[in-house]
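# Results of the structural survey
Single-letter residue listing:
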Amino acid sequence: MTLLLDTVWGFDLNPLAVQASRVNFLIAIADLIAASKSEVELPVLLADAVYSPARSPDADEDVVEYRIGSTQSDLKVLIPADLAFNRARLDRVFAVMADCVEAEDTYSKVEKALVKKGALTASEAGNWKEPLAETYEQVLNLHKKDWNGIWFRIVRNFFWSAVAGRFDVVVGNPPWVRWSSLPEHYREKIKPTCQQYAIFSETPFHGGNELDISGMITYTVGDKWLKDGGTLVFVITQTHFQSPSSQGFRSFKINKEANFLPVAVDDLKNLKPFPKVANKTAIMRLEKVGKKKPKYPVSYRVWEKADGYSATIPEDADKGTVLGRVSILNWEATPVDGGNSPWAILPIGRFAAMSAIQGQSDWLAGRKGVTCDLNGVLLVNILDVHPTDGLVQIRTRPEAGRTDIGPARTYWVEPDLLYPLLKGAADFSACHVHVQDDLYVFVPNTGINRADYEAAEAVVDDLPKTKTYFRAYRKQLLARSTYKQRQSGAPEYVIYNVGAYTFAPCKVVWAELSKTFEAAVVTSAEMPNGGKRVFVPDHKIYFADFTDETEAHYVCALLNSSLVREYVQSHTIQIQVSNIFKHLSLPEFDSKNGDHKKLAKICKDAHGAKTEEKRSNLLAAMDKISERLLRTN
């Protein structure tokens, strides 16, 4: 029993989870407790694995500062380091202080009681007076407001985790919560810890700070509680291995002296191991080593439902039953561009066979579509065209977002700033543009620099109807998140992710969110008031811009090849397909190359195909040529 209590510990921040674990632990060792005839305290603690009072391996603090937040108060605990990491002494000090709080004694009486009862020496009481007095006064104030309860026991429980020592194995299912979903005060508390382990992405504006908290817990737990040579096994979100937000996580560098080595991953995202929750589950095994760097590929097992079974795993199923319901594919994972880049997850040997298209296309760039943030106002329907003055009648779309813009209203505006919009994945498929809803987007600015904003203001000043329309929604336009973060001080109607590329005559587009990677070429569309204007992609679409339509169709053909599709889907998440050319090398277009021109023509013909059968046959022919070109790249 003593061995179990010394070596099997548990931490959780949820009090109910702690109680449930303690009960299970108690039931498991009840016979040993009965035989020992002794009183035991189970080491299942209410503790925070990210924000822990455990001494940082690099720290040399004299006083440990720790905050324990609650709905009633934010308690700042100050404990001398020599006391904080000595559980027996801290227990004696807290026991004395708890009695004094009940009596509402002043700290001068507390100090005398601590010395008299042998909890502290006279010298320690004098040297540690300031931090202990501040902690005591806070708890005393809570007591006087009838909030005392078990504060010292709570603090003691948190600090007990600081002296847990290190373990051979750490197993857990840490919480899966995105950074932006954490309470603001908690984000501020743990931010220094996250920065210490350098696990934020290098591109925070585009999702870099959406790291899941389970990634932070992996590093803090591995650093503070895992022995060198120890093994960590976590049930974790699979997105850590491919998401841009988890770039820092994939470094596997704990500190200057220790790294993680990824040993194996079991990918369960095609199953539902938690029946009532839709998530991407994976089981990750890491080993803590010295300065040794990770070696790839890593064993990566993909779990799928077996024929005749559903993806949902019954909660009461035993191991044998589960294994009978699934098939397991033995694949491998490799960083697509080395280092902490997203993992390409493929059958064994397949990644090596794709070496010809690995790397970066320095002649191509992936762009993100425009970000408006107020779709009900800036993405509109055109209802009518005035027969004499050229104005168009637009209608707002209050159903298009969460911001309250009032009921749908119609306005007559000048058409100068309106462009046909390509909204999302539903508007196109491989070599086929099929816009679902005829929407038009206001594009007042041609770039995102100060000069572009000044030019936009001059243009809008010459469009009185449009200016009146923007003024009617000025409050909502100023409240847009991207505007406040990136464009504060600019005219309220400007939009983001705009440049010369936005107005390029040809664009090869692919969706950020789709089940299958597909590309199409978009050019322009007829405007209701006459003439043509180029399509402008929305922010859920990425694109490459071209002035030469033949070159655009050539690139589109390569992107729709089965080889490129397999490669792109191997290292991207379905909801985060962005600038694919960062990790994809395509042969540059040569207008003198017969195969290049032939490929472009087939792609253009596929866009104009009148039937799906015709388009399918053209795509198949296109794939054969693309495969040959890419293999010899």
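Since we're looking at a predicted model, the values are computed, not measured.

Secondary structure summary: the chain contains 22 helices and 25 strands in total. Looking at the chain as a whole, 49% of its 633 residues are labelled buried. If you take every contact in the chain between residues at least 6 apart in sequence, the share linking residues at least 24 apart comes to 71%. When the accessible surface of the chain is totalled, it reaches about 30,200 Å², and 49% of it is carbon and sulfur. Side chains of the chain carry 76 positive and 77 negative charges; the gap between the two charge centres is 1 Å.

Below, the discussion takes up helix H5 (residues 87-102). An α-helical turn contains 3.6 residues, so any two residues separated by three or four positions project in the same direction. Between its first and last C-alpha, H5 extends 22 Å over 16 residues, near the 22 Å set by a 1.5 Å rise per residue. Burial in H5 covers these residues: Arg89, Leu90, Val93, Phe94, Val96, Met97, Cys100 and Val101. Projected down its long axis, H5 carries its buried residues within an arc of 160°, all on one side. Where H5 ends, the next residue or the one after it, Glu104, has phi of about 55°, a positive value.

On to the side chain of Thr466. Relative to the helices and strands, Thr466 is located in helix H16 (residues 464-472). At a separation of 2.7 Å, a polar atom in the side chain of Thr466 contacts the side chain of Glu414. Beyond its immediate sequence surroundings of up to four residues, Thr466 is in contact with Val413, Glu414, Leu417 and Phe442.

Before going further, it helps to examine the state of the cysteines. What the rule picks out here adds up to zero disulfides. With no disulfide partner, Cys603 has as its closest neighbouring cysteine sulfur the one in Cys431, 3.7 Å distant.

Each strand in a sheet pairs with another by means of backbone hydrogen bonds, the pair being arranged parallel or else antiparallel. The four strands lie next to each other as E12-E25-E20-E21, forming an open sheet whose pairing is antiparallel. With partners counted over all chains shown, the strands left at the sheet margins are strand E12 (367-368) and strand E21 (519-522), one partner each. When strand E20 (residues 506-511) meets strand E25 (residues 541-546), the two strands line up antiparallel, connected through six bridges. The residue of E25 that forms the bridge with Val508 is Ala544.

Scanning the model with the defined rule gives 23 aromatic pairs in all. Both rings, one in Tyr219 and one in Phe249, keep their centres 5.9 Å apart while their planes meet at 70°; by these two values the pair is edge-to-face. Of the two residues, Tyr219 sits in helix H11 (residues 213-225) while Phe249 sits in the loop between strand E6 (226-237) and strand E7 (259-267), which places them 30 residues apart along the sequence. Each of the two residues, Tyr219 as well as Phe249, counts as buried. Ring geometry for Tyr469 versus Phe470: centroids 6.0 Å apart, planes at 45°, classification tilted.

With 95% of its residues at a pLDDT of at least 70, the chain reaches an overall mean of 90. Within the model, the stretch residues 204-208 combines pLDDT values under 50 with 11 contacts to residues more than four positions away or in other chains.

Read across the open sheet, the seven strands follow the order E5-E6-E8-E7-E9-E10-E11; overall the sheet is mixed. Of all the strands in the sheet, just strand E5 (167-172) and strand E11 (343-347) have a single pairing partner and so form its edges. Between one strand and the next, the sheet's axes are offset by a mean angle of 25°, whatever the strand orientation. Sheet topology places strand E10 (residues 326-335) next to E11; five bridges connect them, and they run antiparallel. The residue of E11 that forms the bridge with Glu332 is Leu346. Against the sheet, H11 engages E5, E6, E7 and strand E8 (281-289), with an angle of about 165° to E6.

It is worth spelling out the pairing of E8 at this point. When E6 meets E8, the two strands line up antiparallel, connected through seven bridges. Paired with Leu232 across the strands is Leu286, a residue of E8. Relative to E8, E7 runs antiparallel, the two sharing eight bridges. What sits directly across from Pro262, in E8, is Leu286.

The next subject is the packing of H5 against helix H6 (residues 107-116). Where H5 contacts H6, the two axes come as close as 10 Å, and the packing angle between them is 140°. The angle between H5 and H6 falls in the class oblique. When the axes of H5 and H6 are compared, the crossing they make is right-handed. Along the contact surface, H5 presents Val93, Val96, Met97 and Cys100, while H6 presents Val110, Ala113 and Leu114. Looking at the contact of H5 with H6 residue by residue, the classes come out as seven nonpolar, no polar and no charged.

Further remarks concern the side chain of Asp452. With respect to the element layout, Asp452 can be found in helix H15 (residues 450-461). One buried charged residue, Asp452, remains without a salt bridge, the closest side chain of opposite sign being Arg450 at 10 Å. The contacts of Asp452, once residues within four sequence positions are left out, are Asn445, Thr446 and Gly447.

Turning next to the packing of helix H10 (residues 184-196) against H11. Running from N to C, H10 and H11 point in directions that differ by 60°, and their axes come no closer than 10 Å. By the angle between their directions, the pair H10 and H11 is classed as oblique. Considering only the axes of H10 and H11, their crossing is left-handed. Along the contact surface, H10 presents Tyr186, Ile190, Thr193, Cys194 and Gln196, while H11 presents Ile213, Met216, Thr220 and Asp223. Of the residues belonging to the contact of H10 with H11, the class tally is five nonpolar, three polar and one charged.

As a further point, take the pattern of salt bridges. Applying the stated rule across the entire model yields 20 salt bridges. Taking the shortest distance from any N to any O, the salt bridge between Arg350 and Glu566 comes out at 2.7 Å. Remark: Glu566 occurs in helix H20 (residues 562-571) and Arg350 occurs in helix H13 (residues 350-353); sequence separation between them is 216 residues. Look at Arg350 and you get partly exposed, because its relative accessible area is 24%. Bridged by salt links that share partners, the residues Glu41, Arg87 and Asp91 form one connected network.

Before going further, it helps to spend a moment on the nonpolar core. Core analysis: the largest hydrophobic core is formed by 84 residues, its most contacted members being Ile79, Leu114, Tyr136, Phe159, Ile190, Met216 and Leu232. Top contributing element to this core by residue count: H5, with seven residues. Beyond its immediate sequence surroundings of up to four residues, Met216 is in contact with Val50, Trp179, Ile190, Cys194, Ile199 and Leu211. In terms of nonpolar packing, the next biggest core, distinct from the first, is built from 46 residues, Phe546, Ala557, Leu558 and Leu599 among them.

The subject of this paragraph is unusual backbone geometry. Note the cis peptide between Tyr296 and Pro297, where omega equals 5°. One can find Pro297 in the loop between E8 and strand E9 (298-305). If you check the backbone angles, Glu104 has positive phi at about 55° while not being a glycine. As for its position among the elements, Glu104 is in the loop between H5 and H6. Judged by its relative accessible area of 44%, Glu104 falls in the partly exposed class.

Criteria and thresholds
- Residues numbered from 1 in each chain as written.
- Predicted model: local features only at pLDDT ≥ 70, side-chain atom pairs only at ≥ 80, totals over all residues.
- Heavy atoms only, no water.
- Helix = DSSP H or I, 4+ residues; strand = E, 2+ residues; numbered from the N terminus.
- Buried < 20%, exposed > 50% of the residue type's maximum accessible area, 1.4 Å probe, protein only.
- Contact = heavy atoms within 4.5 Å.
- Areas by Shrake-Rupley, 256 points an atom, 1.4 Å probe, with all protein chains shown as cover.
- Lys, Arg positive; Asp, Glu negative; His and termini not counted.
- Charge placed at Lys NZ, Arg CZ, Asp CG, Glu CD.
- Expected span 1.5 Å × (residues − 1).
- Arc of directions from axis to C-beta.
- Polar contact = N/O pair within 3.5 Å; in protein donor to acceptor, adjacent residues only side chain to side chain.
- Disulfide = S-S within 2.5 Å.
- Pairing = 2+ DSSP bridges.
- Phe/Tyr/Trp six-rings, centres within 6.5 Å; stacked < 30°, edge-to-face > 60°.
- pLDDT = per-residue confidence, 0-100.
- Axes fitted to C-alpha atoms, helices over the stretch in contact; angles between N-to-C directions.
- Parallel < 35°, antiparallel > 145°, perpendicular 65-115°, else oblique.
- Left-handed = near helix turned anticlockwise from the far one by under 90°.
- Nonpolar A, V, L, I, M, F, W, Y, C, P; charged D, E, K, R; others polar.
- Salt bridge = Lys/Arg side-chain N within 4 Å of Asp/Glu carboxyl O.
- Core = buried A, V, L, I, M, F, W, Y, C linked by side-chain atoms within 4.5 Å.

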